[in-house]
Each structure stands twice: as C-alpha cells, then as structure tokens.
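An overview of the molecular structure
Residue-level listing of the chains:
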Amino acid sequence: MAEGTRTVLDMRGIEKRFGDVKALDNVGFDLIAGEIHALLGVNGAGKSTLIKILSGVYTKDEGRITIGGKVFDLGSPRAAIEAGIAVVQQHPELVGDLSGAENIFLGHESSRRGLFSRIDRSDLATRANALLARFPIDVDLSRRVADMPAVDREIVAILHALRLENARILILDEPTSTLTEREKASLFSMMRMLKAAGIAIIYITHRLEEVYEIADRFTVFRGGRNVACHTVTEARTTGMSIPNLMLGTGGGLTFPPRCSRINGDAVLEVSGLSCDGMFRDVTFTARKGEILGIFGLVGSGVDELSKALFGVFRPDRGEMRLHGRPVSLRSPAQALRSGIFLVPGDRRTEGLTLNENVIFNTTVANLGRASFGGLLRFGANRRNARALAEKVDLQPMRLDRSLRGFSGGNQQKVVIAKGLYRQAKVYIFVEPTVGVDIGARSKIYALMREISQDAAVIVISSDCDEVHGVADRTLALYKGAPVGGADRDMSRDHLLHAGIMGGIAA
Amino acid sequence: MITRQLGMRLLAFAALVALIGLAFWSQSAAFASGGNLRSLMRHMSVQGLAALGLTFVIVVRHFDLSFPGVASMGAMTLGWLIAAGMPLPVAIGGGLAVGLAFGLVNGFAIARLGLPDIVTTIATGGLAIGFSYFYSNGTSISQNFFMSGILDLNDRKILGLDMPFAILMGTALMGAILLHASRLGAGFYATGENPVSARFSGVPTRLLIVLAFALSGMMACLAITLLVASSGAANVTAGNQLLMPAFAAVYLGAALFGRPSIGATLAGTLLMSMMLNGFTLLAIPYYYSDAIVSTVLITAIAIFDPRVSALLRGAVRRKGASA
Amino acid sequence: MTDIISTAPRIRQGHNSREVLMRYAFFLLVLVVFVTFAILRPTFVTPGNIHGMLMSASIAGLMFLGLTWLIAAGEIDVSFMSVAALSNMVVAGLVVDGAGWGVAVLGGLGAGVVFGLLNATLVAVLRLPALVITIATGALAASVAAAIGQGTSIALSHTGFVGDLLGLRVGVLPLIAVIVGALYAASWFVQERLVFGHYIYAMEQNRAAVVEAGVPVNRMLFLLFVLSGVVSSFAGVLLAANLSSGQPYLGTSYFLDGLTAVLLGGMALKLGKPNVIGTLTATIFLIGLLNGAALLGWTDSERQIVRGSLLLIGVGLVVFARTRRKA
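So, a few notes on the structure that sits alongside this text.

Reading guide: rules and limits
- Residues numbered from 1 in each chain as written.
- Chains lettered and ligands numbered in written order.
- Predicted model: local features only at pLDDT ≥ 70, side-chain atom pairs only at ≥ 80, totals over all residues.
- Core = buried A, V, L, I, M, F, W, Y, C linked by C-beta atoms within 7 Å.
- Buried ≥ 20, exposed ≤ 12 C-beta atoms within 10 Å, placed from the backbone.
- Helix = DSSP H or I, 4+ residues; strand = E, 2+ residues; numbered from the N terminus.
- Contact = placed C-beta atoms within 7 Å.
- Nonpolar A, V, L, I, M, F, W, Y, C, P; charged D, E, K, R; others polar.
- Pairing = 2+ DSSP bridges.
- Axes fitted to C-alpha atoms, helices over the stretch in contact; angles between N-to-C directions.

1. Looking at the nonpolar core
Val426(A), Ile428(A), Ile458(A), Ala223(B), Phe247(B) and Tyr251(B) are the most contacted members of the largest nonpolar core, which has 371 residues in total. A per-element tally of this core places helix α11 (residues 205–231) of chain B first, with 19 residues. If we skip the residues at most four places from it in the chain, Ile428(A) touches Ser306(A), Leu309(A), Phe310(A), Ile340(A), Leu342(A), Val343(A), Ile458(A) and Ile460(A).

2. Considerations on the interface of chain C and chain B
With 35 residues of chain C at the interface, the matching set in chain B holds 36 residues. When contributions to the side of chain C that touches chain B are tallied by element, the ones reaching two or more residues are α5 (130–148), α11 (251–266) and α13 (300–326) of chain C. The leading source of residues in the side of chain C that touches chain B is α5(C), at 13 residues. Residue composition of the side of chain C that touches chain B, grouped by class: 23 nonpolar, 9 polar and 3 charged.

3. Focus: the sheet that holds strand β4 (residues 62–67) of chain A
Residues and elements named next belong to chain A. As summarised here, the arrangement of the 4 strands in space is β2-β1-β4-β5, forming an open sheet in which the pairing is antiparallel. This sheet does not close on itself; its edge strands, each paired only once, are β2 (21–32) and β5 (70–72). Here the average twist between neighbouring strands, direction ignored, is 25°. Pairing between strand β1 (residues 7–18) and β4: 5 bridges, direction antiparallel. Of the residues in β4, the one forming a bridge with Leu9 is Ile67.

4. Concerning the pairing of strand β12 (residues 279–287) of chain A
When strand β11 (residues 266–275) of chain A meets β12(A), the two strands line up antiparallel, connected through 6 bridges. The residue bridging Cys275(A) from the neighbouring strand is Phe279(A), located in β12(A).

5. Details of the sheet that holds strand β14 (residues 317–322) of chain A
All names here are of chain A. An order of β12-β11-β14-β15 is seen for the 4 strands of this open sheet, with the pairing classed as antiparallel. Of all the strands in the sheet, the pair left with one neighbour each is β12 and β15 (325–327). Here the strands of the sheet are splayed against their neighbours by 20° on average, with no regard to which way each runs. Pairing of β11 with β14 involves 5 bridges; the strand directions are antiparallel. Across the sheet, residue Ser271 finds its bridge partner in β14, namely Glu319.

Function cannot be inferred from these measures alone, as they are strictly geometric.
So this is what it looks like as structure tokens:
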C-alpha cells in the first residue's frame with residue numbers, strides 16, 4: 001500500500017479452538033484507515049470466527065488485537081463497540097413500524113439513561129441530521145422502515161452501526177445478497193463515501209466479481225489460516241486465481257460439459273405467463289436432456305416466476321403445458337403431483353425441516369412413495385435415504401443427524417435428494433449455490449447435469465456466471481419482462497447486459 | 001445413539017414412576033391395592049384422552065385453549081340427547097360432533113384465516129360455554145341416564161380392563177399409528193417444524209392443522225363422555241377440570257422425552273394421575289390438586305427446558321472452575 | 001446534502017381519512033351502543049346505574065392494565081384473573097381471621113407481588129414459554145384461593161377503609177373511577193412519551209433488534225409481569241370490599257373480558273395494537289354492554305356468547321388491520 005497509511009486494526013497470532021478443532025490457527029490480519037478489505041473463504045474457512053472475535057461474540061484463545069495503536073481485549077460485544085467496531089449482520093434486525101431515524105437510535109432515544117426517561121423527538125431528528133451530515137447519503141430517514149426498499153434498509157443498518165462517533169471499522173457481512181443490481185450500485189457508492197470519510201471496511205462476500213469492483217485489498221482464509229493477502233491491483237496484474245486460493249489444490253469452479261444433443265422432448269412449455277406486478281409474458285420451453293437458464297437480478301421477478309411455476313402464485317394470464325397438456329396449478333402439492341419440483345431459493349425456510357434428520361426430510365418429500373396403505377415404510381425409507389445421500393455425496397454421511405449439523409452446501413444436497421426422491425419431470429433450481437462453498441458447488445452443478453438426463457432442468461439465478469456456465473440455453477428477466485429468446489445461446493456478456501440493462505448489446 | 005438416548009429417557013421415566021409410587025405406598029399401603037390401581041387407570045382415562053387430542057395440536061405448534069369449554073358443551077349435548085330419549089350411539093355421536101364442529105371452526109379460523117391461536121381458541125371456548133347453558137339453563141342433566149346404558153361405559157369390562165382404560169388404550173394405539181407410523185404423522189411433525197418447507201414438499205399443512213384441532217375437540221368430548229358416564233350426570237362445568245392436567249401431561253411428557261408424542265403424553269398422564277390419585281388417597285382436599293399439578297408442570301418445564309438446563313450446567317461448571 | 005429529518009420523524013399519523021376513521025370508529029361504536037341502550041331502557045342512564053358501571057369498569061380496568069402492555073409486547077398472561085381472585089381471598093381470609101384491613105390489604109397485594117415475581121422470573125429470567133407458565137401459575141393461584149376458603153366463599157361483615165374508599169365520590173363520579181382514570185392517563189404518558197412504551201411496541205415487532213440495541217428487554221418483561229400481578233391484586237383487594245366477600249372463583253368471569261378488552265381496544269387509536277386508552281374504552285364498553293343486555297333481559301348464556309363473539313371479532317379485526325398495514 002501507499003506510504004503513510006495508517007493501520008487501524010492489527011491482529012496477530014489469533015487462535016481460537018472449539019473443543020479439539022482449531023477454527024483459527026495463528027491468524028494475522030490488518031486493516032488500513034479508509035480501505036475496503038474483502039474477506040474471502042469457503043464456508044468453515046474461519047472468516048466468520050474472525051468476525052465474531054472482532055465483534056466480541058467469541059473471545060480469542062491466543063493472540064493480540066491492536067486497534068488504533070491500543071491493545072484491546074474485546075471480551076464482549078459492548079467492548080467491541082467501544083473499541084470502534086461497527087458490525088452489520090447479514091440480515092440486519094430492524095423494527096418495521098419505526099422510522100429509519102428511530103431504528104438508528106433504537107436504545108438511545110433519550111439523552112438520559114433508564115427505561116422511564118422521556119423520548120426527545122426533536123433531539124432524535126437533530127442527531128439523525130448530524131449523522132447524515134457526517135455521511136451524506138440520499139435517504140429519507142423519516143420513512144417507516146417497512147416501507148423502504150431493501151437498500152435503504154441496509155443503509156439504515158449501516159448508519160445504525162456507525163451512529164457512535166468513535167466508529168472507525170465497519171464490518172459488512174454479505175450485504176448485497178438481497179439487493180438488486182441498481183441497489184448494489186448505490187450501496188457501493190455509499191461504501192466509497194464511507195471510505196472517503198476514513199472508515200475502514202471489512203467486506204465479506206461470496207461474489208468474487210464484487211471484490212474487483214469495490215475492494216482495495218483482499219484476504220483469503222482457508223482451513224482456519226490466512227493464506228493470502230493482496231491488493232486487488234496485484235491480483236489483476238498477476239492474474240492470480242482467487243478460487244484457487246480459496247480451494248487450495250487447483251480447481252476453480254468447474255461446470256460440467258454441456259449437453260451434446262439439443263431438442264429433446266419438450267416437457268414444460270410456458271407461453272405468455274404473467275403475474276401482475278411480478279413478471280409478464282414469459283415464454284419458454286424446457287426440454288428433457290438439457291438445462292435452461294434464467295438469469296435475473298433480485299427484484300426482477302425471477303423468484304416470483306419460480307413460485308408461479310410451482311403453484312405458489314396463480315398466474316393472471318398465460319398458459320403452462322406439461323408434456324403437451326395444459327395445466328393450471330393451484331398449490332405446490334398439485335405442482336408436485338404434476339411432476340414439478342422446486343429447489344427453493346431459501347432452503348432454510350422453504351426447503352428443509354432443519355430440526356429433523358436426513359431420513360425425515362427425504363421421506364416428507366414424497367409421503368405417497370414413503371408409505372403403503374397410509375403407513376410409513378420405515379425400512380425402505382431408510383434404505384432410500386441412504387441411496388439418495390450417497391448419490392448426492394452427502395458429507396458427513398450421517399442419516400440420523402439433524403440438518404442443523406450440516407454445512408450450507410450439504411443442506412442443499414439434501415434438498416436435491418428430496419427432489420430425486422420425487423422423481424419429477426421438471427426440476428426448478430432457484431439460486432442453487434447461495435451460501436454454498438466452492439467444493440459443494442461443483443457437485444451440485446454435476447448433479448443438475450445428471451438430473452437433466454431424465455428431466456427438464458431450469459436454473460434460475462441472479463449469478464450470471466452460474467446461469468451462463470451451467471445452462472445450455474438461457475434467457476434473462478429484466479423488471480419482470482423476458483429478454484432474449486430461450487432458443488439462443490447468449491454469450492455471458494449478452495446475458496449480463498440483458499439482465500442488467502434490459503437489452504442485448506449489439 | 002438415538003436408541004441409547006431413548007433408553008436413558010425411559011429409565012428416567014421409570015425411576016420417576018417408582019419414586020412417586022414408593023412415596024405414596026409408604027404413606028398408605030392402599031396405594032398399591034388392586035382397587036386403587038383401577039381407579040388410577042380410570043382417572044388416567046379421562047385426562048389421557050383430552051391430553052392425547054391436545055398432543056396433535058402441540059405437534060403442529062399451535063395451542064388449543066378451547067377444549068375445556070367445548071367438552072362442557074359436548075357433555076351437555078350428550079346429556080340433552082339422552083334426556084330426550086335418543087339411543088346411546090346417537091347421543092355419544094352428538095357429543096363428539098360438537099367437538100368435531102368446534103375443532104373444525106378453530107382449525108379453519110387459524111389455518112385459513114390466519115387468526116392467532118391462543119386468543120381465537122379462548123374465544124371459541126367461551127362461546128362453547130355460552131352454548132352449553134342453552135340446553136338446561138345451566139342446571140345439570142341426568143334424566144334417562146340409568147336407562148340409556150351410558151353408565152356401562154364406565155362399569156363394563158373389556159379384555160379384563162375397565163372400559164374407560166380400554167378406550168384410552170385403544171385411542172392411544174390409533175393415535176400412535178396415526179402420529180408415528182402414518183404419512184399423516186410425518187406431515188404433522190413437518191408442519192410443526194417448518195410449515196413453509198412442508199407446504200413446498202407437498203404436505204397439506206392447512207388441512208393437517210384443521211385435523212389436529214378437530215382431533216383435539218373430538219378427543220376432549222370423548223374424555224368428557226367417560227366423565228359423564230362415571231358421574232352419571234352432565235353439567236356445564238364438566239370441562240373445567242380438563243385444561244391444566246392435559247397441558248401438564250403433554251408438556252411433562254414432552255419434557256421427559258424430548259418432544260411431544262403419543263407415548264410421551266401417556267407417560268405424562270400416568271405421572272400426573274399417580275400424583276392426583278395418591279393425594280386423594282391421602283385425603284388431601286380437591287382444591288390442592290390444581291396446585292400440585294401446576295407446580296409439577298412449572299418444575300418440569302423449568303428443569304427440562306434446554307435454556308434452563310444450559311444455565312444450570314453453566315452455573316455448575318463455573319462453580320467447578322472456581323473450586 | 002439532504003435535510004430530510006427536520007420535519008418531525010413521526011409524520012405517519014393517519015393521513016388518509018379512512019385510517020383516521022378506523023382509529024376512531026371504536027369510540028363511535030361505543031357511543032352508538034350506549035345511546036341505543038339509553039333509549040331502549042332509560043334506567044341505563046340513571047345515576048345509580050352509571051355509578052355501578054363505573055365502579056365495575058374501574059376495578060376491571062385496573063386488572064387489565066398490565067395485561068394490555070404484556071399483549072402489546074407480544075407476550076401473554078392468562079393468570080391475571082386468578083391472581084386477582086387469590087388477593088381477594090387473602091384479604092377476606094385475613095379479615096375473617098381478625099387481622100385489620102390494613103394488614104389484609106398488604107397481604108392481598110403481597111400475594112400479587114409474589115405471583116408477579118413468579119411469572120416474571122419464570123418467563124423473563126428463565127425464558128420459559130409464557131402461555132403454559134401462566135396457565136400453570138394461574139391454576140396455582142386459583143387453587144390457593146380455593147384452599148383459603150376451603151372451597152367456598154368467605155362473607156365479610158365489614159369492609160373497612162377500602163369500603164369507605166369505594167364509597168367516596170367526586171361529584172357524581174366514584175373516587176375510585178377518578179383514581180383509575182388518572183392511573184390510565186399516567187400510563188398513556190408512559191406508553192407514548194417515555195422510552196419504555198416505545199420499546200414495548202418495538203419488542204413485539206422485532207425482539208432481536210431491540211435486544212441488539214442494548215435495551216434490557218428481559219428487565220422490561222420482568223417489570224411488565226410484576227406490574228400485571230400488582231394491578232390484578234389491587235383489583236382483587238377492591239373486589240373484596242365491593243362484594244363484601246372473598247370469592248375464590250371470581251376470576252373466570254374476568255378472563256374473557258380481559259382479553260376482549262385488550263384486543264378490541266387495540267382497534268382504537270393504534271389500528272390493532274393494544275394500548276391503554278383502548279383498553280379502558282373497551283372495558284367501559286363491555287361493562288356497559290353486559291349491563292345494558294341484562295336490563296334488556298338477556299340470559300347469562302346469551303351474554304356469554306356475546307363475550308365470546310366480541311373477542312372473536314376483536315381478534316379478527318386486529319389480524320385484518322395488521323395484514324392491511326403490511327400490504
């Protein structure tokens with residue numbers, strides 16, 4: 001880095017053990033005032049442990065933390081806040097009925113302490129204005145948070161974290177996961193502004209392209225160690241592979257080969273499908289033997305489209321045909337009976353019963369097949385679950401363990417196992433690899449390819465590279481409207497342009 | 001691993017049963033007499049049936065506070081039908097139909113209309129109590145009871161078991177098959193744990209919630225039928241004594257066995273009934289029984305709650321560390 | 001930069017006329033119903049009847065104050081009426097045993113404090129489920145109440161200074177109504193102007209956010225449960241003098257009314273959120289309704305059905321208002 005830079009945070013020799021497992025092993029990390037520092041690593045690499053130590057949730061076993069030249073212990077969240085560390089969680093907690101300003105100063109409405117002090121609303125407004133003077137952002141803090149767009153809520157959460165004068169380190173944990181591309185741009189401009197104001201930002205993300213876009217430096221974690229720390233310029237000029245750093249032994253993201261034979265039987269034909277206020281005039285044909293990709297940013301209507309195809313929403317207009325016969329879906333149960341399976345975008349709330357084990361989860365996916373005369377076939381269900389788990393390469397292979405004990409990637413494999421158990425004709429994958437580490441990703445892509453041998457597979461994602469990489473044919477959804485016919489094989493740049501700008505670049 | 005854990009829990013339960021049994025037996029040898037054990041089983045039958053119905057509602061993660069009121073109305077309907085000279089099956093069917101109807105209303109209001117369960121069931125329970133006054137303006141009904149044969153429900157024996165206990169065991173067996181060995185049962189648990197994921201897996205969650213409330217209402221009315229049969233009269237406060245013991249049995253059982261289930265509820269009922277029966281035997285007045293039941297319930301929840309046990313373990317560890 | 005905050009942050013008080021109508025519709029309903037009763041049965045508005053209704057409403061209102069905030073905060077207490085019954089019996093028991101009214105009142109309030117603390121400890125400190133715990137503590141209180149009178153009520157020959165207090169009037173109003181009214185006014189201030197009230201509603205919406213903001217949520221819950229126990233026992237003490245007896249089973253009649261008052265009252269002013277003014281209005285409404293219905297010759301059964309229906313309507317309206325607001 002340039003001369004004369006000021007180190008705000010210096011962590012040395014940090015160790016953290018959970019039982020016999022070393023989550024952090026002699027880790028060093030440093031942060032310079034006014035930089036955006038991306039923190040990378042697959043799940044379990046140790047980055048969240050490091051963040052939890054910094055925010056005072058965990059206490060370190062060994063090592064030294066220096067902030068602004070002073071040594072800190074950070075034994076509690078309060079101590080971390082007092083040391084100037086501001087954390088914005090991945091899903092920030094806000095109170096919908098309160099205004100932005102009320103959320104920012106929640107817990108500090110009054111100049112006096114205690115539960116029975118008076119709320120000083122004019123003082124609240126003054127302080128909110130002062131905060132906006134320090135960090136000039138175009139946001140209406142008098143609005144009810146529930147009425148705000150997602151990015152404004154994120155901004156409220158960031159301002160909440162930075163409300164104290166002494167805040168100089170901001171930790172952002174995957175803030176873009178729920179934002180549209182446009183909102184992401186305004187978040188990034190806010191981050192640049194904060195940077196200019198001297199705030200050092202630790203930025204955690206799974207999206208590597210964002211690192212090049214916004215970060216100054218990045219640190220890669222692997223297996224509880226800090227394995228690399230470079231400036232983004234360095235990475236660009238030397239052409240190093242960040243995925244390789246994250247995974248270790250070579251092998252970045254590998255997509256399975258595309259299908260050789262196009263024009264299998266049409267399984268699902270959708271024409272002119274519209275859901276008012278969500279998407280309109282969506283037309284495509286999904287064929288057996290291939291993968292159809294639909295790229296769309298969050299808010300473009302892709303999630304709603306997937307749910308309409310699965311019977312959660314009733315479309316207002318348009319037609320769906322399965323094997324040539326028109327179907328009108330009223331419920332997910334009916335969609336499943338017709339042979340459509342959804343791997344939903346939010347597997348924890350929509351896809352899995354987390355407190356139950358693998359057998360229970362696969363069984364529930366097809367209770368008809370799992371029972372005889374209304375009674376469960378316990379032996380067969382266990383055998384089936386084992387076969388399915390082997391098929392999706394579940395790790396660890398523990399059928400009796402509750403799903404909470406599995407990583408994101410392996411939870412996703414269980415959702416896919418549920419789908420396999422359903423023996424559906426159409427599989428819809430929504431954001432299949434969000435929160436999935438790179439190792440499990442390749443397996444999931446391979447499974448999708450395998451499934452496509454016997455069924456139509458539709459991949460819906462806001463990750464352009466994923467859609468482009470895994471699908472044989474693609475289309476994009478922009479503000480609810482399809483761009484580009486599905487029979488074209490668009491280049492990555494075309495697809496990206498279509499999904500972000502709504503047109504196909506010449 | 002799982003089976004070992006279950007074994008430990010069973011052992012703990014057996015130890016509790018032995019402990020309570022010995023304690024009462026040491027105070028009064030009559031506790032272990034055949035006659036007393038039979039009256040214990042009778043007591044279990046009424047409480048157990050209501051608790052079994054509630055178990056389904058608790059499994060789908062809802063609450064039903066209406067069943068005592070509904071049971072009262074079921075009792076009055078039963079009594080009124082008997083007094084009107086209806087054949088016994090019709091009268092019993094009428095009582096159960098009341099439970100079914102209220103269960104369906106509760107289920108519809110909660111699963112379809114999205115009303116909050118606690119307050120809704122309190123309200124429908126209140127309504128049921130209001131309706132139960134209609135039949136006789138609040139006086140108890142016992143005309144025709146002797147002739148109708150309803151008393152046989154209490155007095156007859158089947159397979160060497162008293163009729164009420166046989167009914168409990170039969171119902172529990174059917175309940176166990178439904179909840180633990182059938183596809184609907186897996187659906188009940190899936191609905192309770194994560195309704196969205198259950199729906200996306202094709203489980204008819206709303207239907208199952210309605211079914212759970214319907215079972216709760218019907219079983220409460222079945223329980224009250226046995227109570228009416230043993231007391232020989234139907235009255236409007238009949239259901240009042242069901243609420244606490246049912247909740248206590250379900251929660252005590254769930255606490256002992258880690259989650260609500262038919263077996264757990266039966267175990268909870270057995271413990272509760274042993275205590276209530278024992279105290280009755282020791283001539284402790286009736287108005288203490290609720291105090292005992294509620295104290296046991298609070299203690300059970302507190303001891304078995306994971307947070308509390310974590311707290312206790314933490315305290316012990318800290319103590320150990322400082323020592 | 002943009003100066004957006006200078007207008008008061010609370011600008012979203014009902015702007016459209018429909019929302020205003022919804023906020024005040026309940027008051028209108030009360031007025032219409034009471035006027036109807038007055039026309040049908042002129043005895044409804046005699047000073048004696050009004051005095052009696054205000055007396056009942058004051059005592060009930062006292063009992064429901066703590067419950068209002070507990071439900072507003074997303075918790076529940078179904079032991080309040082049994083705690084009132086227990087205090088009532090403690091007072092009666094002590095008076096009959098020869099203790100003075102002063103001691104008896106302290107005893108009654110003490111019972112409320114004990115049960116308030118018990119609920120507070122179990123729910124707010126140990127974080128046990130509020131519904132099941134308060135079912136159990138309520139049953140415990142009810143059972144102790146019955147035990148004090150060995151299953152029957154206790155008649156009191158004199159009502160001591162509490163009776164004198166209840167007899168006092170300010171103009172046509174019973175003094176106790178004025179006191180309870182003042183208490184509610186103070187509670188409104190706490191609810192609307194102090195951070196305590198602010199947090200109650202924030203807590204119901206997103207407890208994690210409030211906890212993260214460093215608000216001592218558990219301490220607040222603790223206070224709310226203790227408050228509920230204390231106000232309920234106050235009501236129980238007053239009932240001992242008002243009824244000249246200790247009634248071990250008086251709780252049951254207040255159970256539905258309490259929940260109905262809180263939920264129906266939530267429709268007033270705050271579109272579905274329980275609040276003290278709403279509760280007070282709804283309490284007066286319920287007392288008036290039941291009284292008027294009695295004057296019209298309705299049976300107990302019919303009145304019970306009216307109670308249950310009103311509670312259902314209240315819940316329905318709350319859910320309706322909330323889904324509308326979210327949309």
